[in-house]
Amino acid sequence: MGVTDREQEIIDLLRREPLITPAEIAERLGSSRAAVNVHLSNLGRKGVILGRGYILSERPPVVVVGGANLDIKARSSAAAIAHTSNPGHTSTTPGGVARNIAENLARLGTPTQLIAAIGRDPYGERLLADTRAAGVLLDHVHRGEHPTGSYTAVLDADGELLMAVADMTATDDLRPEHLRSARELIAHAALLVLDGNLPAATTAHLLDLAHAGDVRVVVDPVSVPKAARLAPLLRPARPIFALTPNRDELRALTGDGQVGDTDAALAHAAAVLHDRGVRHVWIRLGASGSLLSTRTPGPGGEAEAPAELHRLAADPAEVQDVTGAGDAMLAAFAYALLAGHGPAEAARHGHAAAALTLQSTHTVRPDLTARLLDEALQRTPAIPAPSARESTQPR
C-alpha cells in the first residue's frame, strides 16, 4: 500500500494496542508527538486508518467521488394526470449517485470513502449524519458555500419516474484543488468510482491520479448531457476499467446518435469505447437486462483478442420504486470485483442488487447486506457462456 518503514511501525503498534495515544506512540518509537501526528495523518490519507479514530483497515477503501444531495420524491396515489394537481405523498431521503453507491457499498461491508461537495446548511447536516450512520467514511467531504444539492422526482402510482429536476450546483463547483487532502487516499484506493455529475476538469484530474497510482476506475455517466461532457476525456493514455452507460448515454459517449438497439449494434458502439481506452463496457438496458463487452488490452494498449460479450437478463422484481436501482447495481458490481469475481459475475451481482432495490420503497435498502445479496443470487441463473466477436459492423 506504499507505507514507509516508520508508518509500518505505527501500524504494528496500533494493531497490538488500538487505544494507544499519539504521545505513547512517540515514546515507544523515540520520536516526537508532532512527527507521529504527521505519520497518522498520512496513514489516514492512504486509507490505512479509517475515520478520525485509529481503526485500521485490513484492506484499502473504495473511493467514490461525485454527487450527494437530498432526494425529494413525490408519488401520485393514482395514475398521474399531466398539467394538474395530483393527490399523493412526498418523502425526503439522502441521495445523489455517488452517495448512494457509497452507502450501498458500505452496507455490503466494503470500506468506503465518499468525496462530495455539501453545503453548510440543514440539508448538508442531515446528509452527513445519515450517510455516516450507514457506515460511509466522510473524512474528505468538501463543505462549500453553495447550497446542498437536491433531486426532486415525480413518480407515478406504480413507482415509475415521470420527471425529475436536479440542482447540482454544489457538485458543479467541486474543483481539483478541493481534492488535495485526498490525493494519497485516491492513489492507494482499492477502486475509484466516479459519477458523471463531476465537472470535466475534476474528472480528468481524478483519472490522471488513478492512472499514476495504477488504480482501477469505474465510471457511471449518469445522464445523456453528462455522458456528452465525459466523452472527450476518454482516451487510451488514461484507461478506464469499466464504464456503465445505458443506450442513450452510449450514443452520447460515442457521438453516434444512430446506434441501433440490436446486440450487434450495441457491441459495435462498445468497440468504439474500447478503442478509446475502456476495458469493460457494461451497457444497462433496464428491463431487458444488460450487455457486457470486454476487450483485453495488449502491452501496448492494442487488443489481444476480439471483444467478449455477455448478455445478462434482468432479475424479476415487483417494482415499488425505481429510484436508486442503478446505483445499487453499480455498487454490487464493484463489491463483487473486489471479492475476486470476474466482470460478468460482478454484473450478475449488480442485477441482483438492482432487483432488491426495485422491490423496496427506499433509495438504498436499509436492510441490504452481503448475505441478502447472496440469497438473491441463489435464485438467479448462472452467467451464460460468452460470445467473442470483433464488433466492427452494426446490423
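About the cut-offs
Residues numbered from 1 in each chain as written. Predicted model: local features only at pLDDT ≥ 70, side-chain atom pairs only at ≥ 80, totals over all residues. Heavy atoms only, no water. Helix = DSSP H or I, 4+ residues; strand = E, 2+ residues; numbered from the N terminus. Rg over C-alpha atoms; globule rule 2.2 N^0.38 Å. Buried < 20%, exposed > 50% of the residue type's maximum accessible area, 1.4 Å probe, protein only. Contact = heavy atoms within 4.5 Å. Areas by Shrake-Rupley, 256 points an atom, 1.4 Å probe, with all protein chains shown as cover. Lys, Arg positive; Asp, Glu negative; His and termini not counted. Charge placed at Lys NZ, Arg CZ, Asp CG, Glu CD. Polar contact = N/O pair within 3.5 Å; in protein donor to acceptor, adjacent residues only side chain to side chain. Expected span 1.5 Å × (residues − 1). Core = buried A, V, L, I, M, F, W, Y, C linked by side-chain atoms within 4.5 Å. Axes fitted to C-alpha atoms, helices over the stretch in contact; angles between N-to-C directions. Parallel < 35°, antiparallel > 145°, perpendicular 65-115°, else oblique. Nonpolar A, V, L, I, M, F, W, Y, C, P; charged D, E, K, R; others polar. Pairing = 2+ DSSP bridges. pLDDT = per-residue confidence, 0-100. Phe/Tyr/Trp six-rings, centres within 6.5 Å; stacked < 30°, edge-to-face > 60°. Lys NZ or Arg CZ within 6 Å of the ring centre and 35° of its normal. Salt bridge = Lys/Arg side-chain N within 4 Å of Asp/Glu carboxyl O.

Student: Looking at this model, I keep getting lost on the overall build of the protein chain. Mind explaining?
Tutor: When its secondary structure is counted, the protein chain shows 14 helices and 17 strands. For 395 residues, the compact-globule estimate of 2.2 N^0.38 gives 21 Å, and the protein chain sits close to it at 22 Å. Counting only C-alpha atoms and orienting by the principal axes, one finds that the protein chain spans roughly 70 × 55 × 40 Å. Per-residue burial for the protein chain yields a buried fraction of 52% across its 395 residues. Counted over contacts in the protein chain with a minimum sequence separation of 6, partners at least 24 positions apart contribute 68%. For the protein chain, the accessible surface area stands at approximately 17100 Å², while carbon and sulfur atoms represent 52% of it. Within the protein chain, one finds 38 positive and 45 negative side-chain charges whose respective centroids are separated by 2 Å.

Student: Would you explain unusual backbone geometry in this entry?
Tutor: Most peptide bonds take the trans form, and the phi angle of most residues other than glycine is negative. Residue Asp214 is not a glycine yet carries a positive backbone phi of 55°. Positionally, Asp214 belongs in the loop between helix H8 (200-213) and strand S12 (217-220). Look at Val222: it is not a glycine, yet its phi comes out positive at around 80°. With respect to the helices and strands, Val222 occurs in the loop between S12 and helix H9 (224-230). Owing to a relative accessible area of 25%, Val222 belongs among the partly exposed residues under this scheme.

Student: Whenever I open this one, the side chain of Thr380 confuses me. Can you help?
Tutor: By secondary structure assignment, the location of Thr380 is in the loop between helix H14 (370-377) and strand S17 (387-389). Residue Thr380 is classed as buried on the basis of its relative accessible area of 14%. Within polar-contact distance, the side chain of Thr380 engages the side chain of Arg348 at 3.2 Å. At a separation of 2.9 Å, a polar atom in the side chain of Thr380 contacts the main-chain carbonyl oxygen of Leu377. Aside from chain neighbours lying at most four places away, what touches Thr380 is Asp315 and Arg348.

Student: What is the right way to read helix H13 (residues 343-358) from this model?
Tutor: Residue pairs three or four apart in sequence face the same way in an α-helix, which turns once every 3.6 residues. A rise of 1.5 Å per residue sets the reference length of H13, with its 16 residues, at 22 Å; its end C-alpha atoms lie 22 Å apart and thus fit the reference within 8%. With 15 of 16 residues buried, H13 lies mostly within the body of the structure.

Student: Can you walk me through the nonpolar core in this structure?
Tutor: In summary, soluble globular proteins display a tendency toward joint burial of nonpolar side chains. In terms of nonpolar packing, the biggest core is built from 50 residues, with Val64, Ile101, Leu105, Leu114, Val193 and Leu373 touching the most fellow members. Mapped onto this core, the elements with two or more residues apiece are strand S3 (62-65), helix H4 (97-107), helix H5 (122-133), strand S11 (191-195), strand S13 (240-243), helix H12 (325-338), H13 and H14. Once you skip the residues sitting within four places of it in the chain, Ile101 turns out to touch Val64, Val193, Asp327, Leu330 and Ala331. With 43 residues, the next largest nonpolar core counts Leu194, Val219, Val259 and Leu291 among its residues.

Student: Would you explain the packing of helix H1 (residues 5-16) against helix H3 (residues 33-45) in this entry?
Tutor: A pair of packed helices is captured by two measures, namely the crossing angle of their axes and the spacing between those axes. Where H1 meets H3, the axes come as close as 10 Å, and the angle between the chain directions of the two elements is 85°. Relative to H3, the element H1 is oriented roughly perpendicular. Residues Arg6, Glu7, Ile10, Ile11 and Leu14 of H1 form the contact with H3, whose participating residues are His39, Leu40, Asn42 and Leu43. Here the residues of the contact of H1 with H3 are counted per class, giving five nonpolar, two polar and two charged.

Student: Help me out: how do you make sense of the sheet that holds strand S9 (residues 149-155) in this one?
Tutor: Two strands in a sheet stick together by hydrogen bonds in their backbones, pointing the same way (parallel) or opposite ways (antiparallel). Reading across from one edge, S5-S4-S9-S10 is the order of the four strands in this open sheet, with mixed pairing throughout. This sheet does not close on itself; its edge strands, each paired only once, are strand S5 (88-95) and strand S10 (161-167). Neighbour-to-neighbour, the strand axes of the sheet open up by a mean angle of 15°, direction not taken into account. Judged from the six bridges that link them, S9 and S10 form a sheet pairing that is antiparallel.

Student: Mind showing me how you'd approach the confidence of the model for the protein chain here?
Tutor: Low-confidence regions, as indicated by low pLDDT, have predicted coordinates that should not be scrutinised in detail. Residues at a pLDDT of 70 or more form 92% of the protein chain, whose mean pLDDT is 89. Throughout residues 390-395 the model reports pLDDT below 50, and contacts reaching past four residues in sequence, or to other chains, amount to 15 contacts.

Student: Would you explain the packing of aromatic side chains in this entry?
Tutor: For any pair of aromatic rings, the description consists of the separation of the ring centres together with the inter-plane angle of the planes. One pass over the structure, following the stated rule, counts one aromatic pair. For Arg284, the ring lying beneath its charged end belongs to Trp282, and the centroid distance is 5.9 Å.

Student: For this particular structure, what's the right way to read the pattern of salt bridges?
Tutor: Any two side chains of opposite charge can pair if their charged atoms end up close together. Applying the stated criterion to the full structure yields 19 salt bridges. Close ionic contact of Arg120 with Glu145 constitutes a salt bridge, the shortest N to O distance being 3.5 Å. With Arg120 in the loop between strand S7 (117-119) and H5 and Glu145 in the loop between strand S8 (142-144) and S9, this residue pair connects regions lying 25 residues apart in the sequence. The residues Arg120 and Glu145 share a single accessibility class, namely exposed. Here Glu125 and Arg143 are joined by a salt bridge, their closest N and O atoms 2.9 Å apart.

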